[in-house]
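# A closer look at the structure
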Amino acid sequence: NSNVLHEIISTDIHVDIYPIPPRDGHDYYTLVTMGMGAHRMNVPEDLGDQKLERAELLINLPPWWRIDGDSLEDERWYWPIRLLKSLARLPIHLDSWIGLGHTVMQEDCEPYSEDTGMCGSIILVPATFEDDSYVCRLSDGDEVNFYQVVPLYEDEVNFKLEKGVDKLVDLIPYDCLSVVNPGRPNYAGMGVPDQGQGEDGNGSPDDDAEDETGVFA
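Presented here is an overview of the structure given in this document. Throughout this document, residue positions are counted from 1 along each chain, in the order its sequence is written. Only residues with pLDDT of at least 70 are given local features in this predicted model, and only at 80 or more are side-chain atom pairs given and counted; all residues enter the totals for whole chains, interfaces and linings. As a rule here, side-chain values cover all heavy atoms of the structure and leave hydrogens and water aside.

On to the pattern of salt bridges. Whenever a carboxyl oxygen of Asp or Glu lies within 4 Å of a side-chain nitrogen of Lys or Arg, that contact is scored as a salt bridge. Throughout the structure, instances matching the rule amount to eight salt bridges. A salt bridge links D142 to R54, with the nearest nitrogen and oxygen atoms 2.8 Å apart. In this pair, D142 sits in the loop between strand 6 (135–137) and strand 7 (143–152) while R54 sits in the loop between strand 2 (29–34) and strand 3 (55–61), placing the two residues 88 residues apart along the sequence. A single burial state applies to D142 and to R54, both of which are buried. Residues R184 and E156 are paired through a salt bridge, measuring 2.6 Å at the closest nitrogen-oxygen approach. Pair noted here: R184 is in the segment after helix 4 (174–178) and E156 is in helix 2 (residues 154–163), with a separation of 28 residues, a long-range link. The rule is simple: take the accessible area with a 1.4 Å probe, protein chains only, and divide by the maximum for that residue type; under 20% is buried, over 50% is exposed, in between is partly exposed. Note on R184: relative accessible area 2%, which makes it buried. Helix and strand labels come from DSSP, where a helix needs a run of H or I of at least four residues and a strand needs a run of E of at least two; each type is numbered from the N terminus.

As structure tokens, this is what we get:
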């Protein structure tokens, strides 16, 4: 498929990104990993009967997000893809697993790009879709779980660690959990961050900003 963002070099599993364009009822891009589920994660024994070993990740981006080849050379547009690929490999690198409610921080809390202050993520159910899309049941009885990646500010990650997932979900408006807005408010902090206020006023990156590469590779 010519629309798939193919991975050229794979050091372990091969992780492609499949972009689904905005469509009726879903006015945003959905980017989905393809390949993470090939690895069986090291899930704790007490959860062994819940079929959590395989997963794929998705992230929703606003309709103005640029996913053409030239734009993705710029970290301002590429960081959500880098994030998906990094999280997809995290269970391999740590010999662990990733599942609902897990949070992951950037090294040294470095923002994902210069256009946002967000530097962490939480794994949630893809609530913008129907329940039956949360799990893909394979012919051999195995299951692949689909999880949504929601970027967070450091304050919000700390809020979740202190108060729990449910309190965080109640704190952040649904539209901010559903679709990435790099310039949205920090709901666990003090007001709106200075970063990420694009020229169009909805958080899209300023075209004059300089490129900055994030920590994840």
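A separate point is the nonpolar core. Counting 32 residues, the largest nonpolar core has L31, L57 and L87 as its most contacted members. For this core, the element with the most residues is helix 1 (residues 75–94), which contributes seven residues. Throughout, a residue-residue contact means that at least one pair of heavy atoms, one from each residue, lies within 4.5 Å. Not counting residues up to four positions away in its chain, the partners in contact with L87 are M36, L57, I98, V104, I123 and V149. Membership of the second largest hydrophobic core comes to nine residues, among which are L124, L168, C176 and L177. In this description, a nonpolar core means a group of buried Ala, Val, Leu, Ile, Met, Phe, Trp, Tyr and Cys residues linked to one another through side-chain atoms lying within 4.5 Å.

A few words on unusual backbone geometry. Positive phi, close to 55°, is recorded for K51, a residue that is not glycine. Relative to the helices and strands, K51 resides in the loop between strand 2 and strand 3. Here the phi dihedral of D108 falls at roughly 60°; this positive angle occurs in a residue that is not glycine. Within the fold, D108 resides in the loop between strand 4 (103–105) and strand 5 (120–124). For D108, a relative accessible area of 69% gives the class exposed.

For R54, a relative accessible area of 17% translates into the label buried. A polar contact of 3.4 Å, which involves the side chain of R54, links it to the backbone oxygen of A38. When residues no more than four places from it in sequence are discounted, the contact partners of R54 are G37, A38, H39, R40, M41, D142, E143, V144 and N145. In protein, a polar contact requires one atom able to donate a hydrogen and another able to accept it; more generally it is a pair of N or O atoms within 3.5 Å, and residues adjacent in sequence count only if both atoms are side-chain atoms.

Think of it this way: a Phe, Tyr or Trp ring, Trp meaning its six-membered ring, pairs with another when their centres are within 6.5 Å, and the plane angle makes it stacked under 30 degrees, edge-to-face over 60, tilted otherwise. Within this structure, the stated rule accounts for six aromatic pairs. Judged by centre distance (6.4 Å) and plane angle (75°), the rings of W64 and W77 are edge-to-face. Within this pair, whereas W64 is found in the loop between strand 3 and helix 1, its partner W77 is found in helix 1, the two being separated by 13 residues in sequence. The class of W64 is partly exposed, set by a relative accessible area of 23%. For W77, a relative accessible area of 3% corresponds to the buried category. Here the aromatic rings of W79 and Y112 are separated by 5.0 Å at their centres, their planes lie at 0°, and the arrangement is stacked.

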